[in-house]
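# Breakdown of the fold
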Amino acid sequence: IETRQQELSDKTGNDSVYILFLGLDMPKEYFSGIATEHFFYTPSRLGQSMAGKIPLNANRETIEKWLDKFFALTTYEISCPVMRDATLAPANKTGLIISVLFDYGLTKEIEQAGWYEYFKTSCETRMIEVLNGSIFPGIKESILHQFSSTPLTIEKYSGNFQGAITGWGLGNKPIPAESRIPKIMNAVKTPIPGVFQAGQWTYSPSGLPISLLTGKIAADQVIKELGKCKRTDGG
C-alpha cells in the first residue's frame, strides 16, 4: 500500500472543465433554429494553440491576457436541455449549459493568489461576450440568472482528484493505471487482498464507458472470490 501511495504522489489528473449555466428570457425556438440540443462550437478557425501555453506560475496580468485569447479561440460544448424536454424550463424561457476544457493547476494558482471570485466573474463575462458576438446574438441582454463552476468546484463537490473528468493525465510518466485493452481485467486489482477498484482512475484513458466496464469486472471478480470462500469453508 505504501509503495502504491508513493507511485501516485506526483501524478496528475487529466482534463477538467469550466461550466457556465445561463437562464435566459428567450424561447427555445430561437436556439433550435441555430443548433441542436447538444453541440460543439468553435468561434474561430485560428485554433486554441494560438492562445499560447497555459500561463502557470505567471502574474495576474499575463493570465488575464491569456484568458482573453483562450475564450476567443477555444471550443465550447453547449447543451440546451429544454430542447429535449419542454418541462425543463418555463414557457418562453431557456437554460444553457456551456462548457470548456480548463486546467486545474491554473485555477488552483488563481485561488491561492486571492482573485478566484473575480476570475469566475470575468470568465463568465468573456464566455457570454464571445457567444453573444457570434452564434447567439442577443443572449447578453436576455440573462435572467447565471453562475459557473470551475475544476475546483468539481473537486469540492465530487471529491474527484483535481476535478478531473477522464482519470489520469496522459503526461504522467508512467501512467499509474492499466492501459492495455487485453489486460483490462487487471485494472480492478489493488494491493489490498479482497479489495477491488472500479471507475475512471482504474484504467487509462478513461471516461464513463470505462467506469461502467470496470464496475462490471470488479463485481464479477467479487462474486468469483466469494464463490471460492464458500467452497473453502464448506458453506
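Residues numbered from 1 in each chain as written. Predicted model: local features only at pLDDT ≥ 70, side-chain atom pairs only at ≥ 80, totals over all residues. Heavy atoms only, no water.

### Re helix H3 (residues 60–73)
Heads up, the condition is: In DSSP terms, a helix is any run of H or I states spanning at least four residues, a strand is any run of E spanning at least two, and both are numbered starting from the N terminus. Expected helix span is computed as 1.5 Å times (number of residues minus one). Three labels apply to residues, based on accessible area from a 1.4 Å probe with only protein chains included: buried if under 20% of the type maximum, exposed if over 50%, partly exposed otherwise in between. The contact rule is simple, with two residues in contact once any of their heavy atoms fall within 4.5 Å.
A rise of 1.5 Å per residue sets the reference length of H3, with its 14 residues, at 20 Å; its end C-alpha atoms lie 20 Å apart and thus fit the reference within 8%. Those residues of H3 that sit buried are Ile 63, Glu 64, Trp 66, Leu 67, Phe 70, Phe 71 and Leu 73. Lining the buried residues of H3 we find strand S3 (76–79), strand S4 (94–102), helix H4 (104–113) and helix H5 (116–132).

### Section: the nonpolar core
Where we set the bar: Put simply, a nonpolar core is a bunch of buried Ala, Val, Leu, Ile, Met, Phe, Trp, Tyr and Cys residues held in one set by side-chain atoms that sit within 4.5 Å of each other.
Formed by 40 residues in total, the largest nonpolar core has its most connected members in Phe 71, Tyr 76, Ile 78, Leu 96, Ile 98, Phe 102 and Phe 119. For this core, the element with the most residues is H5, which contributes seven residues. Not counting the four nearest positions on each side in its chain, Phe 119 is found in contact with Tyr 18, Leu 67, Phe 102, Thr 107, Ile 110 and Thr 150. Membership of the second largest hydrophobic core comes to seven residues, among which are Ile 184, Ala 187, Val 188 and Tyr 203.

### A closer look at the pairing of S4
Applied cut-off: What makes two strands pair is DSSP finding at least two bridges between them.
For strand S1 (residues 16–24) and S4, the ladder comprises nine bridges, and the chain directions are antiparallel. In the strand pairing of S4, Leu 22 is matched with Leu 96. When S3 meets S4, the two strands line up antiparallel, connected through three bridges. Residue pairing for S4: Ser 79 is matched across the bridge by Ile 97.

### Concerning the packing of H3 against H5
Selection rule: Interaxial angle, 0 to 180 degrees, is taken between N-to-C directions of lines fitted to C-alpha atoms, where a helix line uses only the stretch in contact. Each angle is binned into one of four classes, with values under 35 degrees roughly parallel, values over 145 roughly antiparallel, values of 65 to 115 roughly perpendicular, and all other values oblique. Helix crossings are classified by the rotation of the near helix relative to the far one: an anticlockwise turn of less than a right angle makes the crossing left-handed, while a clockwise turn makes it right-handed. Each residue is assigned to one class: nonpolar for Ala, Val, Leu, Ile, Met, Phe, Trp, Tyr, Cys and Pro, charged for Asp, Glu, Lys and Arg, and polar for all the others, Gly among them.
Packing of H3 against H5 leaves a shortest axis separation of 9 Å and a crossing angle of 30 degrees. With respect to each other, H3 and H5 are oriented roughly parallel. For the pair H3 and H5, the sense of crossing is right-handed. Every residue of H5 that contacts H3 at Arg 60, Glu 64, Leu 67, Asp 68, Phe 71 and Ala 72 is listed here: Tyr 118, Phe 119, Cys 123, Arg 126, Met 127 and Val 130. For the contact of H3 with H5, a count of residues per class yields eight nonpolar, no polar and four charged.

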